[in-house]
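# Structural characterization, general
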Amino acid sequence: MRIHTCNDLKLPASIIAIGAFDGVHKGHQELILSARLQAEKLQVPFVLYTFDPPPKVYFQKVRLLTSLPEKLERLSRLGVQHVIVAPFDTHYASRKAEEFYEEIQALNPKGIWVGSDFRFGINRSGNVELLRERFPVHLLEPVRCGSGEVISSSRIRQLFNEANTLLGWNTDRINESS
Ligand SMILES: Cc1cc2nc3c(=O)[nH]c(=O)nc-3n(C[C@H](O)[C@H](O)[C@H](O)COP(=O)(O)O)c2cc1C
Ligand SMILES: Nc1ncnc2c1ncn2[C@@H]1O[C@H](COP(=O)(O)OP(=O)(O)OP(=O)(O)O)[C@@H](O)[C@H]1O
């Protein structure tokens, strides 16, 4: 797997999956495998475009599920050929949707795979409908767990918090008694 930064890679054709992919959970895995399958059928490189840190970690200070090396290791195991890691900071977040299109255009995508809630550009101004005006976009139906709930990084973070509360090792009370 080859690792690039933004505006670095140019390709005559590609299939792209875009997202934060924090945790590379089962929903992400299905999106990645669907994109990879299309890349194999068309015999073009498969590129995954991601952000470090994940935008929610940067803006909302939520817990990071997987460090960048862990995320890259999981992506490599899923057969990703190229990863673009955009350094997500105030400067990057202020880029307009138009600038993002230009960067993506340099990869000549024959298909872009995202979930229906995908947003991009300053203040989350770009959405799937806008992306569709420029590129062939493929949407994956939300992947759910056995109980029917959609799998998401946010839900996994919440479950981690609940587990830590039950374990009871994340409170000041423990230091107080020693
Ligand atoms: C060029 C660009 C600019 C962005 N600017 C913002 C922003 O100003 N505020 C924000 O909350 N997210 C911003 N994002 C992050 C997106 O809202 C979104 O989290 C990201 O594209 C990952 O998609 P995902 O959350 O569906 O994985 C930006 C993304 C891109 C590509
Ligand atoms: N359960 C799912 N089923 C299908 N696609 C998904 C699923 N979860 C995420 N995706 C898609 O995978 C890409 C990366 O998603 P993202 O990193 O935003 O994950 P997330 O789990 O929705 O994160 P968060 O809960 O922090 O918003 C996006 O295009 C998103 O729409």
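This structure is a prediction, so every number in the text was calculated from the model and none was measured.

Calculation notes
The residue count restarts for each chain, going from 1 along the sequence in the order it is written. To label them, take the chains in the order written and letter them from A, then take the ligands in the order written and number them from 1. This being a predicted model, a pLDDT of at least 70 is required before a residue's local features are given, and a value of 80 or more before pairs of side-chain atoms are given or counted; all residues contribute to the totals for chains, interfaces and linings. Side-chain numbers come from the whole structure's heavy atoms, not from hydrogens or water. The helix and strand labels rest on DSSP assignments: H or I over at least four residues marks a helix, E over at least two residues marks a strand, and numbering proceeds from the N terminus. Each residue is placed in one exposure class: buried if its accessible area under a 1.4 Å probe, protein chains only, is under 20% of its type's maximum, exposed if it is over 50%, and partly exposed if it falls in between. UniProt positions are given in the numbering used here, feature names are shortened, and annotations may be inferred rather than shown by experiment.

The subject of this paragraph is unusual backbone geometry. Phi is mostly negative for residues that are not glycine, and the peptide bonds are mostly trans. The omega torsion across Asp52 and Pro53 is -5°, close enough to zero to call that bond cis. When you line up the elements, Pro53 lands in the loop between strand 3 (46-52) and helix 2 (55-60). With a phi angle near 45°, Val24 is a residue other than glycine that sits in the positive phi range. The topology assignment puts Val24 in the loop between strand 2 (14-18) and helix 1 (26-42). For Val24, a relative accessible area of 2% puts it in the buried group. Look at Asn123: it is not a glycine, yet its phi comes out positive at around 55°. Of note, Asn123 is situated in the loop between strand 6 (119-120) and strand 7 (126-127). Judged by relative accessible area, Asn123 falls into the exposed class, the value being 73%.

UniProt's feature table lists "domain: FAD synthetase" (unreviewed entry) at residues 13-154, given in the numbering used throughout. Between the C-alpha atoms that bound residues 13-154 the distance is 33 Å, and the span itself is 39% helix and 22% strand.

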